[in-house]
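Structural description and commentary
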Amino acid sequence: MLQGHQGNFQSTLRVLVSRMTDKPYKEPKHAIPHLELIQLGVPTWNKWIQGELTKEEAEDVAAKLAPTPVPKPPSGSFIDRANPVNFFGVDFTKGENSLITFAGALFGDGANFQRARFGDEANFQSATFGDDADFQSATFGNISNFQSATFGDDADFLSATFGDVADFQSATFGGGVNFQGATLGDGADFQSVIFNDKANFQSVTFGDRADFQSATFGGGANFSGSSPANRREVMK
């Protein structure tokens, strides 16, 4: 009798899992306005985030986003922060999302990419983040390009997973940055990165090579529990 119940339960579970797997991807509702905005291109995005759209440009953006209302740009400090950019849980491997580039984009404080998934190339080259940029548990494809990107205080890549190439060459971190528990592929490049405060690489898994040549650690770095040990060889 118990075995029959177990069989029915397992059969039902398989059906549910199948339905979940076949279910088409739907954008998280909170992210739709920001997704539709960034799809208009970085120049329009940057004008919006800085409040510099002309009346005609604002009307054009509103028409293109309709019926989705145009969101308000980020504002305020940590205590009274309002309207931070929110891409929490977005799948950038799907449809038009896979074509999005963030190269040169401005984000303000509190940009949220937590649990986001990126395709073969995530391009954040020369992007500018305010404080508390959050990439916790984000998953990157083959190439993630943060070359010459600028971060404010407390950027967080906790438990993020990077593909073969994670390129942070010449990036600047204004305050502390956290990579604790992250996984980096064979081409992790931190050459000439400026870490103005503490850099936490505790328990990070590095691939065959991690390059920290000419990197500057203003507040020290924590590599305890990281592997393999060859990342020390390229820090000279």
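What comes next is a walk through the structure. Values in this document were obtained by computation on a predicted structure and should not be read as measured data. (Residues numbered from 1 in each chain as written. Predicted model: local features only at pLDDT ≥ 70, side-chain atom pairs only at ≥ 80, totals over all residues. Heavy atoms only, no water.)

On the secondary structure map, Gly 219 appears in the loop between strand S14 (216-217) and strand S15 (221-222). Here Gly 219 is in contact with Phe 195, Asn 196, Asp 197 and Lys 198, once residues within four sequence places are set aside. (Helix = DSSP H or I, 4+ residues; strand = E, 2+ residues; numbered from the N terminus. Contact = heavy atoms within 4.5 Å.)

Next up on the list: the packing of aromatic side chains. Considering all chains together, one arrives at 59 aromatic pairs under this definition. Plain terms: the ring middles of Phe 190 and Phe 195 are 6.5 Å apart, the flat faces sit at 35° to each other, and that makes the pair tilted. Phe 195 matches Phe 190 in its accessibility class, with the two residues each being buried. Arranged with centres 4.8 Å apart and planes meeting at 10°, the rings of Phe 195 and Phe 217 form a pair that is stacked. Pair noted here: Phe 195 is in strand S11 (residues 194-195) and Phe 217 is in strand S14, with a separation of 22 residues, a long-range link. Judged by relative accessible area, Phe 217 falls into the partly exposed class, the value being 23%. (Phe/Tyr/Trp six-rings, centres within 6.5 Å; stacked < 30°, edge-to-face > 60°. Buried < 20%, exposed > 50% of the residue type's maximum accessible area, 1.4 Å probe, protein only.)

Under the definition given, this model contains three salt bridges. Residues Glu 57 and Lys 47 are paired through a salt bridge, measuring 2.8 Å at the closest nitrogen-oxygen approach. Pair noted here: Glu 57 is in helix H4 (residues 55-65) and Lys 47 is in helix H3 (residues 42-49), with a separation of ten residues, a long-range link. Notably, a salt bridge pairs Asp 60 with Lys 64, separated by 3.2 Å at the nearest N-O pair. (Salt bridge = Lys/Arg side-chain N within 4 Å of Asp/Glu carboxyl O.)

The next thing to look at is unusual backbone geometry. The amide bond that connects Ala 66 to the next residue, Pro 67, takes the cis arrangement and shows omega of 5°. One can find Pro 67 in the loop between H4 and strand S1 (91-92). You will see that Ser 137, though not glycine, has its phi angle at about 60°, which is positive. With respect to the helices and strands, the residue Ser 137 is situated in the loop between strand S3 (121-123) and strand S4 (143-145). Although it is not a glycine, Ser 148 sits at a positive phi angle of roughly 65°. You can see Ser 148 is positioned in the loop between S4 and strand S5 (150-151).

This part takes up the nonpolar core. Within the largest apolar cluster, 57 residues are counted, with the highest numbers of intra-cluster contacts made by Phe 113, Phe 135 and Phe 157. Of all the elements in the fold, those that place two or more residues in this core are helix H2 (32-38), H3 and H4. In terms of residue count, the dominant contributor to this core is H3 (four residues). (Core = buried A, V, L, I, M, F, W, Y, C linked by side-chain atoms within 4.5 Å.)

Ordered in space as S5-S8-S11-S14, the four strands form an open sheet in which the pairing is parallel. The open sheet is flanked by S5 and S14, the only strands paired with a single partner. Across two bridges, the pairing between strand S8 (residues 172-173) and S11 is parallel. The residue bridging Phe 173 from the neighbouring strand is Phe 195, located in S11. (Pairing = 2+ DSSP bridges.)

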